[in-house]
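# An overview of the molecular structure
What follows is the residue order along each chain.
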Amino acid sequence: MRSIVFTAVVIGLVVGGCGTANEESSGDEELGAQVSIVGAERLVAADQEPHNWLTHGRTYDEQRFSPLDQINEGNVGQLGLAWSYDTGQHRGHEATPIVVDGVIYLTAAWSIVHAIDARSGEAIWTYDPKVPGGYARWACCDVVNRGVAVWEDKVYVGALDGRLIALNAASGEEIWSVQTTDPQRHYTITGAPRVAKGKVVIGNGGAEYGVRGYITAYDADSGEEAWRFWTVPGDPSLPFEHEELEAAAATWTGEWWKVGGGGTAWDSMAYDPELELMYVGTGNGSPWTRVHRSPDGGDNLYLSSILALDIDSGKLAWHYQTTPGDNWDFTAVQPITLAELEIDGTRRKVLMQAPKNGFFYILDRATGELLSAEKYVETTWASHVDMETGRPVETAGGDYLDKPKVVLPGPFGGHNWHPQSYSPETGLMYLPAREASFIYPLNREFEYNEPGWNLGLDMRGLPRHLVEMEQPVPTGHLRAWDPVASKVVWDVEVPGSVNGGALSTAGNLVFHGTSEGEFAAFAADSGKELWEVRLNIGVIAAPVTYTVDGEQYVAILAGWGGGAIIGFDVAITAAYSFENVGRLFVFKLGGTTPIPLVKERNLEIPEQPPLTASAATIENGQGLFHEYCAFCHGLLAHSTGVIADLRMMDEGAHATFDAVVLDGLMESEGMASFADVLDKDQADAVHAYIVSRAREDRELQATTDAGGL
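A brief look at the structure comes next. Every value quoted in this text rests on a predicted model; they were computed, and no experiment measured them. The residue numbers shown here count from 1 along each chain, following its written sequence. Where local features are concerned, this predicted model is filtered to residues with pLDDT of at least 70; where side-chain atom pairs are given and counted, the filter is 80 or more; whole-chain, interface and lining totals use all residues. With hydrogens and water stripped out, all remaining heavy atoms of the structure feed into the side-chain values.

Counting from the N terminus, the helices are DSSP H or I runs at least four residues long and the strands are E runs at least two residues long. The number of helices and strands found in the protein is 10 helices and 40 strands. Throughout, radius of gyration means the C-alpha value; the globule benchmark is 2.2 Å times the number of residues raised to the power 0.38. Compactness check: the protein gives a C-alpha radius of gyration of 24 Å against a globular reference of 27 Å for 709 residues, within 12% of the reference. Its C-alpha atoms give the protein principal-axis dimensions of roughly 75 × 55 × 50 Å. Burial here depends on accessible area, computed with a 1.4 Å probe over protein chains only, as a share of the maximum for the residue type. Under 20% is buried, over 50% is exposed, and the range in between is partly exposed. Counting across all 709 residues of the protein, residues that qualify as buried make up 64%. Throughout, a residue-residue contact means that at least one pair of heavy atoms, one from each residue, lies within 4.5 Å. In the protein, of all internal contacts separated by at least 6 residues, the share reaching a separation of at least 24 is 63%. Positive charges come from Lys and Arg alone, negative charges from Asp and Glu alone, with His and the N- and C-terminal ends not counted. By convention, the charge on Lys lies at NZ, on Arg at CZ, on Asp at CG and on Glu at CD. Charge separation in the protein, taken as the distance between the mean sites of 47 positive and 98 negative side-chain charges, equals 2 Å.

As structure tokens, then:
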């Protein structure tokens, strides 16, 4: 049994009955009296319970639009903090809170689950799945988790180490746990599960570490596997697990199965209860570079695709591939939103997605027919999508086979996992978009490396290219996109390029948080800023809204991190200048609680030891650092503040460098040993490079009075 922390609040269970559209009082019961059963009828009719937030996107269609309008454009300026709750974690916080009848369920870093009183912010229980600290090494993009799902009297969470766990909603006690992944492979789970028709559906991540993707449904009561859909074929000399893989295998060449293939379904899902289809987005290939993954070409199904799966059987109803033969890490795991739109004079039930590749797609959700595909950000790898074939038309600007290229968008995408919001009242999609490029240098000598990243890119040479090749300055945007007219209606540019998700409401409002630590409300129709508060904690999660006792609240989980820790925006982020606290902020009209203070960081780089290593050793250390260390500690050893800034090492840290890197001294805190890929001489070279960078930036601080760098 995992550790469970209780407060004096005791929650009992009500057996039977579920809330309906006419039972809003179910959200206003005195806390401690009951936890209502959240069954199929409530989830299908979640739109009739605006006081709750029952699923990841509030409703199965994942629109993230709330009909609540007590807080509106006329009074939003009166918002103030009602209460805040500290998670005790200091890594990335990406979860969407689930709100059920006065109780909030959310996850923090390390897959830890918190149940909180939605009125007061008091802790009810905490569940820690005890993920081994060393597992952080296999999480490409921080030890994050995007939330839980609820069904009947249970709360479900996917743990970073691949377990799917069912908890008692009242007490936080573990009911069952299943290992959904092969423990011998480097899979992770960071996404939120979804529940439909008594099945819990969960995917996984890890393509960069050479895994093969799949999505699995489990019985919500027992945890028994109901079905599994593999997203890429395995060894074709062996029987295929299901018939869809035979057709997929014809689109691959070489021996892709030896490096996994990728295609992990690590985030997006949406469900249509009428069609009984679960829509799932799939990820990039392993490795990223198609010349190393499938050397004689091919589309590589079902990479970078949207899959429509029958919820009962897991069989494929249809698929659409956004980036055939992906070569840029252009995943299609970005949020999927279902809606009804009038297209060419006909009302259509559609699926909408803005994946990484820069095109906004509208598909018929019953058939997969492509209805629209237009650029929502600047895109240089393809000129357009051919509407007859449904395929992007690639350009020379995206081909880095012969020489490195600056490509737009880069692997973080024009839009990543950060949730979008669609308002049926304005007809607009509110996108946390990003205009940012990346330099793609092909590694011609690529060989599969099981302990490390398998990108197929020359990461050792990347620092040189960053200096030699000019890139546009990255920018972040809250962008209102008209999906029918395929145009930007309004756009708010924000200083950082990696920011939070969006929430729209019937109060003509859009809420959005930023990496700078600001949380703001905008007019949904015009984009005019109406209210802003400074949290001094970066935001990458999406807000939610709910009511208790007839009073509306807006909640946002803060705590910066995720994939951006590799070095995006650096000094712009609140995490660089302030302690990166994990904190849930809850606002209401007339709230008077002061915003809690956040400790400022000391950004002065300490004096460094003498640099005795040769230039060749430092250059080797630079290459090793960018192959094994930069994904957490930042490009050019320039940390974003979420994970230790190695330029800030003091005398004691330098003395224990080998003990940390080779002996695993800090494994329990997430810093695993790298002795399997680095020997003593190589560790010394990495150390020398870090000292070199620290000395450079310390000198720059002294000469420019720049403070933090």
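Picking up where we left off.
This paragraph deals with the sheet that holds strand β30 (residues 428-435). Here a strand pair is declared whenever DSSP counts at least two bridges between the two strands. Across the sheet, four strands lie side by side as β29-β30-β32-β33; this open sheet has antiparallel pairing. Whereas interior strands pair on both sides, the edge strands pair on one side only; in this sheet they are β29 (421-423) and β33 (487-494). Taking each pair of neighbouring strands and ignoring which way they run, the sheet shows an average axis angle of 25°. Sheet topology places β30 next to strand β32 (residues 475-482); seven bridges connect them, and they run antiparallel. By the bridge assignment for β32, A433 is matched with H477. Here the axes come from fitting lines to C-alpha atoms, over the contacting stretch only for helices, and the angles between their N-to-C directions go from 0 to 180 degrees.

The next thing to look at is unusual backbone geometry. Each neighbour pair has its own omega, and for L301 with Y302 the value is 5°, a cis peptide bond. Here Y302 lies in the loop between α3 (290-293) and β20 (305-310). The omega angle of the peptide bond from L408 to P409 is -15°, so this bond is cis rather than trans. Topologically, P409 is positioned in the loop between β28 (405-407) and β29. Even without glycine at this site, R58 takes up a positive phi of about 80°.

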